[in-house]
Amino acid sequence: MIVNIKQLNTYQNIFGPEKMLFLWREYLEQSSAVWATLDEMEWDIKRSKFHNWRSNSLVFGMENFAGMCTRIEENILKKRFEQLPKQIKECKACYENSVLQVKQIIQQVENGHE
């Protein structure tokens, strides 16, 4: 399990299922746009995107993804670029797997509240 369900549920209880679904859709839309253009971005912009992902993904319990974003952000700050292509590729795979898990959890909650 790569998603912290307890953390996700905490935020669902705070925001409620309708707001949580709105936030989730917004997160996916913004993330899709970033992933599509990430390769063309300058390193300082990439760093800010990973910084934002780190904090925003925690709302959905995506702790593993957030941890990878933190490492990438730190490596950019320290100008350790040699490992970044591999780390970013692994980070994207983690993102995709995390998204699948969160989608399943949110759909279950959504179906239970209809």
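Above: the structure in question.
What you see is a predicted model; the values in this text were computed from it and never measured. (Residues numbered from 1 in each chain as written. Predicted model: local features only at pLDDT ≥ 70, side-chain atom pairs only at ≥ 80, totals over all residues. Heavy atoms only, no water.)

(A) Representation of unusual backbone geometry in the model. At lysine 79, a position not held by glycine, the phi torsion is positive, near 55°. Mapped onto the fold, lysine 79 is located in the loop between α4 (63–77) and α5 (84–112). (Helix = DSSP H or I, 4+ residues; strand = E, 2+ residues; numbered from the N terminus.)

(B) How the structure looks around the pattern of salt bridges. With the rule as written, the count across this model stands at four salt bridges. The partner of arginine 47 in a salt bridge is glutamate 73, with the nearest N and O atoms 3.0 Å apart. Within this pair, whereas arginine 47 is found in helix α3 (residues 43–58), its partner glutamate 73 is found in helix α4, the two being separated by 26 residues in sequence. One salt bridge connects lysine 92 with glutamate 96, and the closest N-O pair in it is separated by 3.9 Å. One end of the pair, lysine 92, and the other, glutamate 96, are both in helix α5, four residues apart, so they sit about a helical turn from each other. Given the relative accessible area of 32%, lysine 92 is considered partly exposed. Classification of glutamate 96 as partly exposed rests on a relative accessible area of 41%. (Salt bridge = Lys/Arg side-chain N within 4 Å of Asp/Glu carboxyl O. Buried < 20%, exposed > 50% of the residue type's maximum accessible area, 1.4 Å probe, protein only.)

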